Amino acid sequence: MSDFDVIIIGGGIAGASLACFLSPHAKILILEAEAHVACHSTGRSAAFFSESYGGPVVQPLTIASKDFLFSPPSGFADAPLVRPRGALHIARYDQQDVATNMFNAYAKLSPNLHRIDKAAVDQLAPMLKPEWAISGIFDPDCNDIDVDILHQGYLRQARQHGAKLLTNAPVRGLLREGAHWQVATAQGQFSSAVVVNAAGAWGDRVGALAGLPAIGLTPMQRTIIVFSPSGYPVSPNAPLILDVGETFYFKPDGANIWASPSDETPVLAGDVQPDEITIAIAADRIENATRYHIPSISRRWAGLRTFAPDRAPVFGFDSRAQGFFWCVGQGGFGIQTSAAAAMLCAAQIAGHLIPDTLTQSGVSAARYAIQRFLRT
Ligand SMILES: Cc1cc2nc3c(=O)[nH]c(=O)nc-3n(C[C@H](O)[C@H](O)[C@H](O)COP(=O)(O)OP(=O)(O)OC[C@H]3O[C@@H](n4cnc5c(N)ncnc54)[C@H](O)[C@@H]3O)c2cc1C
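Below is a short write-up of the structure. (Residues numbered from 1 in each chain as written. Predicted model: local features only at pLDDT ≥ 70, side-chain atom pairs only at ≥ 80, totals over all residues. Heavy atoms only, no water.)

**Concerning the overall build of the protein**
Part 1 of the reasoning: Helix and strand content of the protein: 10 helices and 20 strands.
Part 2 of the reasoning: Over its C-alpha atoms the protein spans a radius of gyration of 21 Å, differing by no more than 12% from the 21 Å that the globule rule assigns to 376 residues.
Part 3 of the reasoning: C-alpha extents for the protein along the principal axes are approximately 65 × 45 × 40 Å.
Part 4 of the reasoning: Across the 376 residues of the protein, 56% fall into the buried class.
Part 5 of the reasoning: Contacts in the protein between residues far apart in sequence, at least 24 positions, make up 74% of those at least 6 positions apart.
Part 6 of the reasoning: Put simply, the protein shows about 15,400 Å² of open surface, and 54% of that area lies on carbon and sulfur atoms.
Part 7 of the reasoning: Side chains of the protein carry 28 positive and 32 negative charges; the gap between the two charge centres is 2 Å. (Helix = DSSP H or I, 4+ residues; strand = E, 2+ residues; numbered from the N terminus. Rg over C-alpha atoms; globule rule 2.2 N^0.38 Å. Buried < 20%, exposed > 50% of the residue type's maximum accessible area, 1.4 Å probe, protein only. Contact = heavy atoms within 4.5 Å. Areas by Shrake-Rupley, 256 points an atom, 1.4 Å probe, with all protein chains shown as cover. Lys, Arg positive; Asp, Glu negative; His and termini not counted. Charge placed at Lys NZ, Arg CZ, Asp CG, Glu CD.)

Rendered as structure tokens:
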């Protein structure tokens, strides 16, 4: 007899959302290494939902999360989880092929996505310099996500169904004994039939505790700067603007702008901090593309977007270690895909059929299974 049916390692959005959907069917313990659950990637995101972000393999999970994020069940949260933003992907003359390929890849599943001409780009994004205002792809369904409310909502629902959360509890050992995992933490030992690895950037390290070879998960550092520009007024309702070449994006937050140079620097898992060169590159790219001047940077942070070698998330049981379930590799889209990813993982762990809402959006368990890395 074990203490729990399922122990989830990691209390970020991946672990919290899974606990929310699985807790009606299983006795759950979430173990979080830090004192607070949103210390790492989940507390450091750019907080947007965009169907046209993350690549076509991610798009079905984003689409399948939309109903939950846009219309959560009553009682889930006291305030809306999302707020309309719109996303405008911009392309210079020399990037028109990139824009066409991007549009063709995403438009099949996201019919509201449409190409817009120079006049429409000018109207939506008057702060752009002329060389960036040639044509665009507009995604009217892009929304800002209130990540804190979403994360807390998942945890509250899980607790209401009896799930326990233990913080300051880094998992240091995993041992399979008979039908159970013995999970050693800084706060004692717990047992469960199933262990879920939702440890984000630490995913391969947690796999190693169970004796599993690394998938090759790579934490990539990404930087955000916040500034109040001079030179051109900030419209709080302006869309998120992304360069199709993926060298920058920015969006308003009240009178401020959040911007990223879309950096992807492979690093070791840890409490990453932004470096001065990347901050300077971010400011330079925004000043080159817009009429904004950046007199000073009021806030800056960096976080980790962790990718599997094929940049698709990894969800599923590992055939090499009974009762070990991977829920990792959410890259730069773990917030916007959290609801569908959690429903998919919860169904597999509980032994249920994948919900129709997921399959209708094109989500298949096989696409994200760990088995794709085990074939010779
Ligand atoms: C700058 C930036 C911008 C982003 N923008 C967006 C966006 O706009 N939209 C979007 O959808 N996504 C975005 N993302 C990606 C998103 O933040 C991540 O995909 C998501 O937060 C990953 O969640 P997670 O729970 O897997 O990881 P984390 O939040 O990192 O949680 C993993 C947890 O596991 C814990 N842990 C690790 N090892 C152990 C152990 N041994 N024992 C116990 N606990 C352990 C860690 O302490 C951590 O709290 C962005 C990310 C960054 C960095």
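**Details of the pairing of strand 2 (residues 28-31)**
Part 1 of the reasoning: Burial along strand 2 is two-sided: Ile28 and Ile30 facing one way and Leu29 and Leu31 facing the other are all buried.
Part 2 of the reasoning: In this sheet, strand 2 lies alongside strand 1 (residues 4-9) in parallel orientation, the contact comprising four bridges. Looking at the pairing, Ile9 lines up with Leu31 of strand 2.
Part 3 of the reasoning: Handedness of the β-α-β unit built from strand 1, helix 1 (residues 13-22) and strand 2 comes out right-handed. (Pairing = 2+ DSSP bridges. Right-handed = clockwise from strand over helix to strand, strands pointing away.)

**Things to note about the site of the ligand**
Part 1 of the reasoning: Looking at the ligand, there are 39 residues lining it, with Glu32, Thr42, Val171, Gly331 and Gln336 nearest.
Part 2 of the reasoning: In this structure, an oxygen atom belonging to the ligand sits 2.7 Å away from a main-chain N or O atom of Gln336.
Part 3 of the reasoning: Computed on the free molecule, the ligand has an accessible area of 1,000 Å², of which 97% lies beneath the protein chains in the complex.
Part 4 of the reasoning: At the level of secondary structure, the elements contributing two or more residues to the shell around the ligand comprise helix 1, strand 13 (218-227) and strand 18 (297-307).
Part 5 of the reasoning: Of the residues forming the shell around the ligand, the biggest block, three residues, is contributed by strand 18. (Near = heavy atom within 4 Å. Polar contact = N/O pair within 3.5 Å; in protein donor to acceptor, adjacent residues only side chain to side chain.)

**Observations regarding the packing of helix 2 (residues 59-70) against helix 8 (residues 338-350)**
Part 1 of the reasoning: Across the interface, helix 2 lies against helix 8 with an axial gap of 6 Å and an inter-helix angle of 100°. With respect to helix 8, the axis of helix 2 lies roughly perpendicular. For the pair helix 2 and helix 8, the contacting residues are Leu61, Ala64, Ser65 and Phe68 in the first and Ser338, Ala339, Ala340, Ala341 and Met343 in the second. (Axes fitted to C-alpha atoms, helices over the stretch in contact; angles between N-to-C directions. Parallel < 35°, antiparallel > 145°, perpendicular 65-115°, else oblique.)

**Let's talk about the pattern of salt bridges**
Part 1 of the reasoning: Here the structure, examined in full by the defined rule, presents 13 salt bridges.
Part 2 of the reasoning: Where Arg92 meets Asp94, a salt bridge forms, and the shortest distance between an N and an O atom there is 2.8 Å.
Part 3 of the reasoning: Among the residues examined, Arg92 registers a relative accessible area of 26% and is labelled partly exposed.
Part 4 of the reasoning: Classification of Asp94 as exposed rests on a relative accessible area of 57%.
Part 5 of the reasoning: Across the pair Glu264 and Arg305 runs a salt bridge, and its minimum N-O distance is 3.0 Å. Of this pair, Glu264 sits in the loop between strand 16 (256-260) and strand 17 (265-266) while Arg305 sits in strand 18, placing them 41 residues apart in sequence. (Salt bridge = Lys/Arg side-chain N within 4 Å of Asp/Glu carboxyl O.)

**A closer look at the nonpolar core**
Part 1 of the reasoning: Core analysis: the biggest nonpolar cluster contains 49 residues, and Val6, Ile8, Ile28, Phe68, Leu150, Tyr154 and Val196 have the highest contact counts within it.
Part 2 of the reasoning: Sorting the residues of this core by element identifies strand 1, helix 1, strand 2, helix 2, helix 5 (147-160), strand 12 (188-197), strand 20 (324-328) and helix 8 as the ones contributing at least two each.
Part 3 of the reasoning: Once residues lying within four places of it in the same chain are set aside, the contact partners of Leu150 are Ile13, Phe68, Leu69, Phe76, Leu81, Ile145, Ile335 and Ser338.
Part 4 of the reasoning: Counting residues in hydrophobic clusters, the runner-up holds 26 residues, among them Ala133, Phe138, Val234 and Ala289. (Core = buried A, V, L, I, M, F, W, Y, C linked by side-chain atoms within 4.5 Å.)

**Re unusual backbone geometry**
Part 1 of the reasoning: Of note in the backbone geometry, Glu246 takes a positive phi value of approximately 60° without being a glycine.
Part 2 of the reasoning: Among the secondary structure elements, Glu246 is positioned in the loop between strand 14 (240-243) and strand 15 (249-253).
Part 3 of the reasoning: On the accessibility criterion, Glu246 (57% relative accessible area) is exposed.
Part 4 of the reasoning: With a phi close to 65°, Arg311 is a non-glycine residue in the positive phi region.

Shape is all these values report; function is a separate question.
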